[in-house]
Amino acid sequence: MPEKVHAIAMSSIAATHMLVAAGTEDVRIRLCDLASGACTHTLSGHRDGVWALQWSATSEWVLYSGGCDGAIRFWDIRRAGCFQVLDQNRSQIERRSNVTSSTQRQELASAPVGSSSTSEMQRPVAKRTKPSTVSKPSKIAKIKDPGVRRSHPGMTLANDRSTAHHGSVTALQTSDDGLNLFSAGTDSRVRLWDIESGRNTLVNYEATKIRTHQGTQLAVSMDSSLLFVPSAHSLQTYDVWSGRMHSKLVGHYGNVNCCAFLAEDQELYTGSSDRQILVWSPPKSVTVEDQEEVPKAGVAAVCEDEDAWSD
(Lines give C-alpha, C1' and ligand atoms only; values in the text may rest on other atoms or scores of the structure.)
Protein backbone atom coordinates (compact mmCIF):
# COMPACT_ATOMS: atom_id res chain seq x y z
CA MET A 1 0.00 0.00 0.00
CA PRO A 2 1.28 3.48 -0.78
CA GLU A 3 0.17 4.90 2.58
CA LYS A 4 -0.46 3.77 6.16
CA VAL A 5 -3.30 1.24 6.49
CA HIS A 6 -5.84 2.11 9.21
CA ALA A 7 -8.57 -0.51 8.65
CA ILE A 8 -9.25 -3.74 6.78
CA ALA A 9 -12.48 -5.68 6.34
CA MET A 10 -13.63 -8.83 4.60
CA SER A 11 -17.20 -9.86 3.91
CA SER A 12 -18.42 -12.88 5.87
CA ILE A 13 -21.21 -13.67 3.39
CA ALA A 14 -19.34 -13.19 0.10
CA ALA A 15 -19.78 -16.14 -2.26
CA THR A 16 -18.63 -14.68 -5.59
CA HIS A 17 -15.56 -12.65 -4.63
CA MET A 18 -12.59 -12.76 -2.26
CA LEU A 19 -11.98 -9.06 -1.77
CA VAL A 20 -10.40 -7.37 1.22
CA ALA A 21 -11.18 -3.69 1.69
CA ALA A 22 -8.33 -1.56 3.04
CA GLY A 23 -8.70 1.99 4.34
CA THR A 24 -5.55 4.06 4.04
CA GLU A 25 -4.24 7.49 4.89
CA ASP A 26 -4.50 8.77 1.31
CA VAL A 27 -8.35 9.02 1.44
CA ARG A 28 -8.85 6.04 -0.89
CA ILE A 29 -10.34 2.62 -0.18
CA ARG A 30 -8.58 -0.18 -2.04
CA LEU A 31 -10.12 -3.56 -2.79
CA CYS A 32 -7.53 -6.32 -2.95
CA ASP A 33 -8.06 -9.79 -4.39
CA LEU A 34 -6.80 -12.56 -2.11
CA ALA A 35 -6.25 -14.95 -5.01
CA SER A 36 -3.89 -12.70 -6.98
CA GLY A 37 -2.83 -10.24 -4.29
CA ALA A 38 -3.48 -7.35 -6.67
CA CYS A 39 -5.57 -4.25 -6.09
CA THR A 40 -8.66 -4.56 -8.29
CA HIS A 41 -9.98 -0.99 -7.99
CA THR A 42 -10.22 1.96 -5.63
CA LEU A 43 -13.14 3.85 -4.08
CA SER A 44 -12.68 7.61 -3.89
CA GLY A 45 -14.94 10.05 -2.06
CA HIS A 46 -13.55 10.75 1.40
CA ARG A 47 -11.62 13.96 1.98
CA ASP A 48 -9.36 12.53 4.69
CA GLY A 49 -7.98 9.21 5.85
CA VAL A 50 -10.31 6.22 6.23
CA TRP A 51 -10.32 4.75 9.75
CA ALA A 52 -13.33 2.40 9.73
CA LEU A 53 -14.65 -0.20 7.28
CA GLN A 54 -17.53 -2.65 7.55
CA TRP A 55 -19.17 -4.91 4.98
CA SER A 56 -22.93 -5.27 4.85
CA ALA A 57 -24.45 -8.29 6.59
CA THR A 58 -27.14 -8.66 3.91
CA SER A 59 -25.32 -7.93 0.63
CA GLU A 60 -21.84 -8.99 -0.43
CA TRP A 61 -21.53 -5.95 -2.72
CA VAL A 62 -22.22 -3.17 -0.18
CA LEU A 63 -19.43 -1.64 1.90
CA TYR A 64 -19.64 1.00 4.65
CA SER A 65 -16.74 3.36 5.36
CA GLY A 66 -15.98 6.07 7.91
CA GLY A 67 -13.28 8.69 7.57
CA CYS A 68 -11.52 11.46 9.41
CA ASP A 69 -13.73 13.92 7.54
CA GLY A 70 -16.64 12.80 9.73
CA ALA A 71 -18.50 11.17 6.84
CA ILE A 72 -19.97 7.67 6.59
CA ARG A 73 -20.37 6.51 3.01
CA PHE A 74 -22.24 3.57 1.49
CA TRP A 75 -20.62 1.92 -1.52
CA ASP A 76 -21.77 -0.58 -4.11
CA ILE A 77 -18.47 -1.98 -5.36
CA ARG A 78 -20.07 -2.80 -8.73
CA ARG A 79 -20.64 0.90 -9.44
CA ALA A 80 -18.56 4.04 -9.47
CA GLY A 81 -18.96 6.41 -6.55
CA CYS A 82 -20.90 6.04 -3.30
CA PHE A 83 -24.69 5.89 -3.37
CA GLN A 84 -25.34 7.44 0.06
CA VAL A 85 -23.73 9.68 2.68
CA LEU A 86 -25.22 9.62 6.18
CA ASP A 87 -26.30 12.92 7.70
CA GLN A 88 -26.61 13.26 11.48
CA ASN A 89 -29.34 15.88 11.02
CA ARG A 90 -31.63 13.52 9.08
CA SER A 91 -33.57 11.62 11.70
CA GLN A 92 -36.63 9.38 11.74
CA ILE A 93 -38.64 12.10 13.54
CA GLU A 94 -39.05 13.90 10.21
CA ARG A 95 -41.25 11.06 8.98
CA ARG A 96 -43.59 10.91 11.96
CA SER A 97 -46.00 13.43 10.44
CA ASN A 98 -46.69 11.07 7.55
CA VAL A 99 -47.47 8.26 9.98
CA THR A 100 -49.92 10.48 11.86
CA SER A 101 -51.76 11.53 8.72
CA SER A 102 -52.11 7.94 7.50
CA THR A 103 -53.48 6.93 10.91
CA GLN A 104 -56.10 9.65 10.74
CA ARG A 105 -57.13 8.49 7.28
CA GLN A 106 -57.58 4.94 8.56
CA GLU A 107 -59.75 6.18 11.46
CA LEU A 108 -61.94 8.14 9.09
CA ALA A 109 -62.34 5.16 6.77
CA SER A 110 -63.28 2.80 9.62
CA ALA A 111 -65.73 5.24 11.27
CA PRO A 112 -69.47 4.36 10.75
CA VAL A 113 -71.64 6.55 8.58
CA GLY A 114 -73.37 9.33 10.50
CA SER A 115 -70.94 9.33 13.41
CA SER A 116 -69.12 12.52 14.35
CA SER A 117 -65.47 12.66 15.39
CA THR A 118 -62.99 15.34 16.34
CA SER A 119 -61.04 14.93 13.12
CA GLU A 120 -64.23 15.48 11.07
CA MET A 121 -65.11 18.62 13.00
CA GLN A 122 -61.66 20.08 12.45
CA ARG A 123 -61.67 19.29 8.74
CA PRO A 124 -61.60 22.55 6.72
CA VAL A 125 -64.54 23.23 4.44
CA ALA A 126 -63.59 23.52 0.80
CA LYS A 127 -64.57 26.77 -0.87
CA ARG A 128 -66.90 26.56 -3.84
CA THR A 129 -65.64 28.13 -6.98
CA LYS A 130 -67.41 28.86 -10.22
CA PRO A 131 -66.82 26.26 -12.90
CA SER A 132 -64.52 27.57 -15.59
CA THR A 133 -64.96 26.68 -19.20
CA VAL A 134 -61.25 26.90 -20.05
CA SER A 135 -58.94 24.53 -18.20
CA LYS A 136 -55.57 26.05 -17.45
CA PRO A 137 -52.48 23.89 -17.11
CA SER A 138 -51.33 23.42 -13.53
CA LYS A 139 -48.13 25.22 -12.66
CA ILE A 140 -47.64 23.44 -9.33
CA ALA A 141 -44.48 21.40 -9.43
CA LYS A 142 -44.47 17.92 -8.00
CA ILE A 143 -42.75 17.72 -4.64
CA LYS A 144 -40.33 14.83 -4.35
CA ASP A 145 -40.14 12.84 -1.15
CA PRO A 146 -36.82 13.78 0.54
CA GLY A 147 -36.68 10.34 2.15
CA VAL A 148 -36.40 8.49 -1.17
CA ARG A 149 -32.84 7.32 -1.75
CA ARG A 150 -31.32 7.61 -5.18
CA SER A 151 -30.48 4.37 -6.88
CA HIS A 152 -27.86 5.99 -9.08
CA PRO A 153 -24.49 6.80 -7.48
CA GLY A 154 -24.64 10.44 -8.55
CA MET A 155 -25.24 12.80 -5.62
CA THR A 156 -25.83 16.50 -5.11
CA LEU A 157 -23.13 18.67 -3.61
CA ALA A 158 -25.12 19.26 -0.40
CA ASN A 159 -25.57 15.55 0.30
CA ASP A 160 -22.00 14.75 -0.60
CA ARG A 161 -20.70 17.05 2.17
CA SER A 162 -22.93 15.67 4.93
CA THR A 163 -21.28 14.45 8.12
CA ALA A 164 -22.27 11.74 10.58
CA HIS A 165 -20.00 12.95 13.42
CA HIS A 166 -18.39 16.22 14.50
CA GLY A 167 -14.99 14.60 14.23
CA SER A 168 -13.33 11.50 12.86
CA VAL A 169 -15.33 8.30 12.55
CA THR A 170 -13.38 5.71 14.52
CA ALA A 171 -15.54 2.57 14.32
CA LEU A 172 -18.42 0.97 12.40
CA GLN A 173 -20.38 -2.15 13.31
CA THR A 174 -23.56 -3.69 11.92
CA SER A 175 -26.24 -5.44 13.94
CA ASP A 176 -26.64 -9.19 13.68
CA ASP A 177 -29.64 -8.89 11.35
CA GLY A 178 -27.92 -6.28 9.18
CA LEU A 179 -30.70 -3.71 9.55
CA ASN A 180 -28.82 -1.20 11.74
CA LEU A 181 -25.37 0.36 11.78
CA PHE A 182 -23.46 1.56 14.84
CA SER A 183 -20.85 4.31 14.56
CA ALA A 184 -18.44 5.95 17.01
CA GLY A 185 -16.44 9.13 16.59
CA THR A 186 -13.88 11.34 18.25
CA ASP A 187 -16.74 13.64 19.28
CA SER A 188 -17.39 10.99 21.98
CA ARG A 189 -20.71 10.09 20.39
CA VAL A 190 -22.15 6.70 19.51
CA ARG A 191 -24.97 6.69 16.96
CA LEU A 192 -27.42 4.08 15.73
CA TRP A 193 -28.47 4.30 12.06
CA ASP A 194 -31.27 2.71 10.15
CA ILE A 195 -29.54 1.28 7.08
CA GLU A 196 -32.59 1.11 4.82
CA SER A 197 -33.55 4.78 5.20
CA GLY A 198 -30.10 6.07 6.13
CA ARG A 199 -31.54 8.08 9.04
CA ASN A 200 -30.29 8.73 12.54
CA THR A 201 -32.46 6.92 15.10
CA LEU A 202 -31.53 9.47 17.80
CA VAL A 203 -30.80 6.87 20.46
CA ASN A 204 -29.02 8.83 23.20
CA TYR A 205 -26.11 6.72 24.40
CA GLU A 206 -24.58 7.97 27.62
CA ALA A 207 -21.32 9.87 27.42
CA THR A 208 -18.20 8.03 26.33
CA LYS A 209 -14.55 9.09 26.17
CA ILE A 210 -13.33 8.43 22.65
CA ARG A 211 -10.16 10.50 22.31
CA THR A 212 -7.99 8.45 20.02
CA HIS A 213 -5.82 9.08 16.99
CA GLN A 214 -6.62 5.78 15.33
CA GLY A 215 -9.52 3.53 14.48
CA THR A 216 -11.22 1.42 17.13
CA GLN A 217 -13.50 -1.60 17.10
CA LEU A 218 -17.03 -2.06 18.44
CA ALA A 219 -18.78 -5.31 19.27
CA VAL A 220 -22.42 -6.40 19.47
CA SER A 221 -23.95 -9.36 21.29
CA MET A 222 -25.49 -12.18 19.29
CA ASP A 223 -29.07 -10.99 19.81
CA SER A 224 -28.08 -7.35 19.15
CA SER A 225 -29.23 -6.30 22.61
CA LEU A 226 -25.87 -5.13 24.01
CA LEU A 227 -23.28 -2.84 22.45
CA PHE A 228 -19.65 -2.84 23.64
CA VAL A 229 -17.79 0.46 23.20
CA PRO A 230 -14.12 1.13 24.11
CA SER A 231 -13.96 4.25 26.27
CA ALA A 232 -10.54 5.40 27.54
CA HIS A 233 -9.20 2.69 29.91
CA SER A 234 -12.51 0.85 30.18
CA LEU A 235 -15.11 -0.89 28.06
CA GLN A 236 -18.68 0.35 28.40
CA THR A 237 -21.70 -1.86 27.77
CA TYR A 238 -24.91 -0.21 26.51
CA ASP A 239 -28.45 -1.32 25.93
CA VAL A 240 -28.85 -0.96 22.18
CA TRP A 241 -32.38 0.44 22.02
CA SER A 242 -32.50 2.64 25.13
CA GLY A 243 -28.88 3.86 25.18
CA ARG A 244 -28.63 3.22 28.92
CA MET A 245 -25.26 2.05 30.22
CA HIS A 246 -25.53 -1.54 31.39
CA SER A 247 -22.08 -2.03 32.93
CA LYS A 248 -18.50 -0.76 32.83
CA LEU A 249 -15.60 -3.21 32.52
CA VAL A 250 -12.37 -1.94 34.07
CA GLY A 251 -9.12 -3.90 33.95
CA HIS A 252 -6.72 -2.31 31.46
CA TYR A 253 -4.01 0.21 32.29
CA GLY A 254 -4.09 1.83 28.83
CA ASN A 255 -6.65 2.91 26.27
CA VAL A 256 -8.87 0.08 25.05
CA ASN A 257 -8.58 -0.05 21.25
CA CYS A 258 -10.59 -3.07 20.16
CA CYS A 259 -13.04 -5.71 21.33
CA ALA A 260 -14.66 -8.84 19.96
CA PHE A 261 -17.59 -10.93 21.20
CA LEU A 262 -17.65 -14.73 20.86
CA ALA A 263 -21.25 -15.88 20.92
CA GLU A 264 -20.50 -19.60 21.28
CA ASP A 265 -18.72 -19.22 24.63
CA GLN A 266 -20.36 -15.94 25.69
CA GLU A 267 -16.90 -14.38 26.05
CA LEU A 268 -15.65 -10.89 25.30
CA TYR A 269 -12.06 -10.11 24.29
CA THR A 270 -10.48 -6.68 24.65
CA GLY A 271 -7.12 -5.33 23.46
CA SER A 272 -5.42 -2.28 24.91
CA SER A 273 -2.38 -0.05 24.55
CA ASP A 274 -0.99 -1.71 27.70
CA ARG A 275 -0.13 -4.71 25.47
CA GLN A 276 -2.64 -6.95 27.23
CA ILE A 277 -5.57 -9.01 25.91
CA LEU A 278 -8.23 -9.65 28.53
CA VAL A 279 -11.00 -12.24 28.40
CA TRP A 280 -14.32 -11.35 30.01
CA SER A 281 -17.03 -13.90 30.79
CA PRO A 282 -20.31 -13.77 32.73
CA PRO A 283 -20.15 -14.99 36.34
CA LYS A 284 -20.77 -18.69 36.72
CA SER A 285 -23.64 -19.66 38.98
CA VAL A 286 -22.65 -21.91 41.90
CA THR A 287 -25.20 -24.54 42.90
CA VAL A 288 -25.66 -26.20 46.27
CA GLU A 289 -24.23 -29.47 44.95
CA ASP A 290 -21.03 -27.74 43.85
CA GLN A 291 -20.60 -26.21 47.27
CA GLU A 292 -21.00 -29.59 48.99
CA GLU A 293 -18.33 -31.16 46.79
CA VAL A 294 -15.66 -28.75 48.05
CA PRO A 295 -13.83 -30.39 50.99
CA LYS A 296 -13.89 -28.39 54.20
CA ALA A 297 -10.15 -28.91 54.73
CA GLY A 298 -9.40 -27.37 51.35
CA VAL A 299 -11.54 -24.33 52.12
CA ALA A 300 -9.79 -23.84 55.46
CA ALA A 301 -6.36 -24.12 53.80
CA VAL A 302 -7.30 -21.49 51.23
CA CYS A 303 -8.52 -19.14 53.97
CA GLU A 304 -5.28 -19.50 55.89
CA ASP A 305 -3.22 -18.85 52.78
CA GLU A 306 -5.00 -15.53 52.01
CA ASP A 307 -3.34 -12.26 52.88
CA ALA A 308 -4.88 -9.13 54.32
CA TRP A 309 -4.30 -6.79 51.37
CA SER A 310 -5.67 -8.77 48.41
CA ASP A 311 -9.12 -8.09 47.04
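Residues numbered from 1 in each chain as written. Predicted model: local features only at pLDDT ≥ 70, side-chain atom pairs only at ≥ 80, totals over all residues. Heavy atoms only, no water.

- Per an unreviewed UniProt entry, the protein goes by Anaphase-promoting complex subunit 4 WD40 domain-containing protein and derives from Physcomitrium patens.

1. Side note on unusual backbone geometry
Then, number 1: A positive phi angle is found at Ser 224, which is not glycine, with a value near 60°.
Then, number 2: Tracing the backbone through its elements, the reader meets Ser 224 in the loop between strand S13 (219-220) and strand S14 (226-231).
Then, number 3: Judged by relative accessible area, which is 8%, Ser 224 ranks as buried.
Then, number 4: The phi dihedral of Gln 266 is positive, around 55°, even though this residue is not glycine.
Then, number 5: Along the chain, the position of Gln 266 falls in the loop between strand S17 (256-262) and strand S18 (267-272).
Then, number 6: For Gln 266, a relative accessible area of 38% puts it in the partly exposed group. (Helix = DSSP H or I, 4+ residues; strand = E, 2+ residues; numbered from the N terminus. Buried < 20%, exposed > 50% of the residue type's maximum accessible area, 1.4 Å probe, protein only.)

2. A closer look at the sheet that holds strand S6 (residues 62-67)
The strands making up a sheet associate through hydrogen bonds between their backbones, and the pairing can be parallel or antiparallel.
Then, number 1: Ordered by their spatial adjacency, four strands build an open sheet running S5-S6-S7-S8, and the pairing between neighbours is antiparallel. The strands lining the two open edges of the sheet, one partner per strand, are strand S5 (50-55) and strand S8 (82-85). Across this sheet, the average inter-strand angle for adjacent strands is 25°, counted without regard to direction.
Then, number 2: Across three bridges, strand S7 (residues 72-76) lies against S8 in antiparallel orientation. Paired with Arg 73 across the bridge in S8 is Val 85. (Pairing = 2+ DSSP bridges. Axes fitted to C-alpha atoms, helices over the stretch in contact; angles between N-to-C directions.)

3. So, the environment of Thr 186
Then, number 1: Mapped onto the elements, Thr 186 comes out in the loop between strand S10 (180-185) and strand S11 (190-194).
Then, number 2: With a relative accessible area of 17%, Thr 186 lands in the buried category.
Then, number 3: Placed 118 residues apart in sequence, Thr 186 and Cys 68 show a C-alpha to C-alpha distance of 9.2 Å.
Then, number 4: Excluding residues that lie within four positions of it along the chain, Thr 186 makes contacts with Trp 51, Gly 167, Ser 168, Thr 170, Ile 210, Arg 211 and Thr 212.
Then, number 5: Polar side-chain contacts of Thr 186 include one of 2.9 Å to the backbone nitrogen of Ser 168. (Contact = heavy atoms within 4.5 Å. Polar contact = N/O pair within 3.5 Å; in protein donor to acceptor, adjacent residues only side chain to side chain.)

4. Section: the UniProt feature "repeat: WD" (unreviewed entry) in the protein
Then, number 1: Under the feature "repeat: WD" (unreviewed entry), the UniProt entry names residues 43-85, 162-203 and 249-281.
Then, number 2: Structurally, residues 249-281 comprises 0% helix and 58% strand, and the distance from its first C-alpha atom to its last is 11 Å. (UniProt positions renumbered as here; feature names shortened; annotations may be inferred.)

5. Observations concerning the packing of aromatic side chains
For any pair of aromatic rings, the description consists of the separation of the ring centres together with the inter-plane angle of the planes.
Then, number 1: Tallied over the full model, the rule gives four aromatic pairs.
Then, number 2: Between Tyr 64 and Phe 74 the ring centres are 4.5 Å apart and the planes differ by 50°, which places this aromatic pair in the tilted class. Here Tyr 64, found in strand S6, pairs with Phe 74, found in strand S7; they are 10 residues apart in sequence, far enough to count as distant.
Then, number 3: Measuring from ring centre to ring centre gives 5.7 Å for Phe 228 and Phe 261, while their planes differ by 20°; the resulting arrangement is stacked. Note that Phe 228 is positioned in strand S14 and Phe 261 in strand S17, a separation of 33 residues in sequence.
Then, number 4: Owing to a relative accessible area of 7%, Phe 228 belongs among the buried residues under this scheme.
Then, number 5: Its relative accessible area of 23% is what places Phe 261 among the partly exposed residues.
Then, number 6: Through a chain of ring-to-ring contacts, three or more aromatic side chains come together here, namely Tyr 64, Phe 74 and Phe 83. (Phe/Tyr/Trp six-rings, centres within 6.5 Å; stacked < 30°, edge-to-face > 60°.)

6. Focus: the nonpolar core
Then, number 1: In terms of nonpolar packing, the biggest core is built from 16 residues, with Ala 21, Ile 29, Leu 31, Leu 53, Trp 55 and Leu 63 touching the most fellow members.
Then, number 2: Contributions of two or more residues to this core are made by strand S1 (5-10), strand S2 (19-24), strand S3 (28-33), S5 and S8.
Then, number 3: Counting residues per element, this core draws most heavily on S5, which supplies three residues.
Then, number 4: If near-sequence neighbours (up to four positions away) are discounted, Leu 31 is found in contact with Leu 19, Val 20, Ala 21, Ala 38, Cys 39, Thr 40, His 41, Trp 55, Leu 63 and Ile 77.
Then, number 5: Within the second largest apolar cluster, 14 residues are counted, among which are Ala 171, Phe 182, Tyr 205 and Val 220. (Core = buried A, V, L, I, M, F, W, Y, C linked by side-chain atoms within 4.5 Å.)

7. A word on the sheet that holds S1
Then, number 1: The sheet built from four strands is open, its strands ordered S1-S2-S3-S4 with antiparallel pairing. Since the sheet does not close on itself, it has two edges, and those belong to S1 and strand S4 (39-44), each with one partner. Direction aside, the axes of adjacent strands within the sheet are offset by 25° on average.
Then, number 2: Relative to S4, S3 is paired through five bridges, and the arrangement is antiparallel. Residue pairing across strands places Cys 32 opposite Cys 39, the latter belonging to S4.

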